[in-house]
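# Inside the fold
Each chain, written out:
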Amino acid sequence: SKARGRGMATIFTNEMVETHKRKLSIANSIDQGIVNNEFVLFYQPKIDRNGQVIGFEALMRWEHPDFGLVLPGEFIPVAEQSGKISLLTRWAIEQSCADLSLLQSVMQHKFRVAINLSGHDLRHSELFDVIYQIFTEQQVNPEYIEFEVTESAYLENFESANKLFKRLSNMGCAVALDDFGTGYSSLSYLTQISIDTLKIDRQFVREISTCHRSRLVTGAIIDLAKRLSLTICAEGVEELSQWEYLLNHGCDHVQGYLFSKPLPLEKIALLPDYFDFG
Ligand code: C2E
Ligand code: CA
Ligand code: CA
Ligand code: CA
């Protein structure tokens, strides 16, 4: 009715309408974006205890014709809601495999490229076949690849995810549990996991400098990972004091602006062989 229509107009502000329009427009231009090569992977180095680069996380960006550089925090949720995420996941796997040879030519030693998977990807059993097919076509050694899955995505798809991770690890890939500690879950599932690495969420790392209890929790997470023979990686390391704390507590790998922001592929060669703040 007219009355209801008018009521709606007062509820939705212009800003909400604009946000909604942008969301719709983003959802509707994903296919075209893939065809037009508008997506790009940036790479953020992962660093070991000696300051050596031992891997890269592939992080997606979108050079959108109307909106400029769009970050994944905006378009990944839209892609998930609109059923387009599997297209982007396939693209990200293909592209990181294509980028691998350049990374190999720059790096003097073994490393892994970490690809982010979404919870939606884990629900479909064909993901393993997609990965296997891409590796075969591009002659990729699976030992150069890691997959990252958030704790909540993993828990929502526990059985299918475990099955997938076992097959991936039999092939030589590594699997990391991302954003660990933010899923508000019980820890009982840790007895049944098939993963290699826990990634401590940035939130804990940020609070290392300011909050005594966060330091204790971070230390305990590292300890837990060690006892389970898992590799532990901390993300969002921005300050030397944070890295020192993590090193002192046995953290294996770190990632963060202290070392480097995510970089376009062509800038990777400019990274130092190892990071030394001494
Ligand atoms: P994530 O997997 O937890 O990735 C880490 C995010 O933290 C990245 O944001 C990275 O740029 C940012 N970051 C790294 N170091 C620091 C630091 O020291 N300080 C701060 N403040 N931030 C730091 P980004 O690239 O915007 O990605 C956001 C999220 O989007 C990712 O979170 C991931 O969940 C998702 N994402 C990115 N690429 C992909 C993809 O190819 N596929 C899927 N499914 N998700 C992706
Ligand atoms: Ca990640
Ligand atoms: Ca993360
Ligand atoms: Ca995150």
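Residues numbered from 1 in each chain as written. Chains lettered and ligands numbered in written order. Predicted model: local features only at pLDDT ≥ 70, side-chain atom pairs only at ≥ 80, totals over all residues. Heavy atoms only, no water.

### Quick word on the overall build of the protein
Scanning the protein from terminus to terminus reveals twelve helices and ten strands. Over its C-alpha atoms the protein spans a radius of gyration of 20 Å, differing by no more than 12% from the 19 Å that the globule rule assigns to 278 residues. Judged by the C-alpha coordinates and their principal axes, the protein covers about 65 × 50 × 40 Å. Split into buried and exposed, the 278 residues of the protein put 47% on the buried side. In the protein, of all internal contacts separated by at least 6 residues, the share reaching a separation of at least 24 is 67%. (Helix = DSSP H or I, 4+ residues; strand = E, 2+ residues; numbered from the N terminus. Rg over C-alpha atoms; globule rule 2.2 N^0.38 Å. Buried < 20%, exposed > 50% of the residue type's maximum accessible area, 1.4 Å probe, protein only. Contact = heavy atoms within 4.5 Å.)

### Structural notes on the coordination of the calcium ion (ligand 3)
Looking at the calcium ion (ligand 3), one finds its protein donor set to be Asp178 (OD), Asp179 (OD), Glu235 (OE) and Glu235 (OE), positioned 2.1 to 2.5 Å from the metal centre. Along the chain, the residues that donate to the calcium ion (ligand 3) are spaced as D-D-x55-E. A separation of 4.1 Å is found between the calcium ion (ligand 3) and the calcium ion (ligand 2), which are bridged by Asp178. Taken together, the residues span a long stretch of sequence, with Asp178 in strand β6 (residues 174-180) and Glu235 in the loop between β8 (231-234) and α12 (240-248) at a distance of 57 residues. (Donors = N, O, S within 2.8 Å, 3.2 Å for Na, K, Ca; no water.)

### A look at the coordination of the calcium ion (ligand 4)
Coordination of the calcium ion (ligand 4) by the protein comes from Asp179 (OD) and Asp179 (OD), over a distance range of 2.7 to 2.9 Å. The calcium ion (ligand 3) is placed at 3.6 Å from the calcium ion (ligand 4), the two being bridged by Asp179. For Asp179, the position within the fold is in strand β6.

### Remarks on the environment of Phe135
Of note, Phe135 is situated in helix α7 (residues 127-138). In sequence terms Phe135 and Lys46 are 89 residues apart; their C-alpha atoms lie 23 Å from each other.

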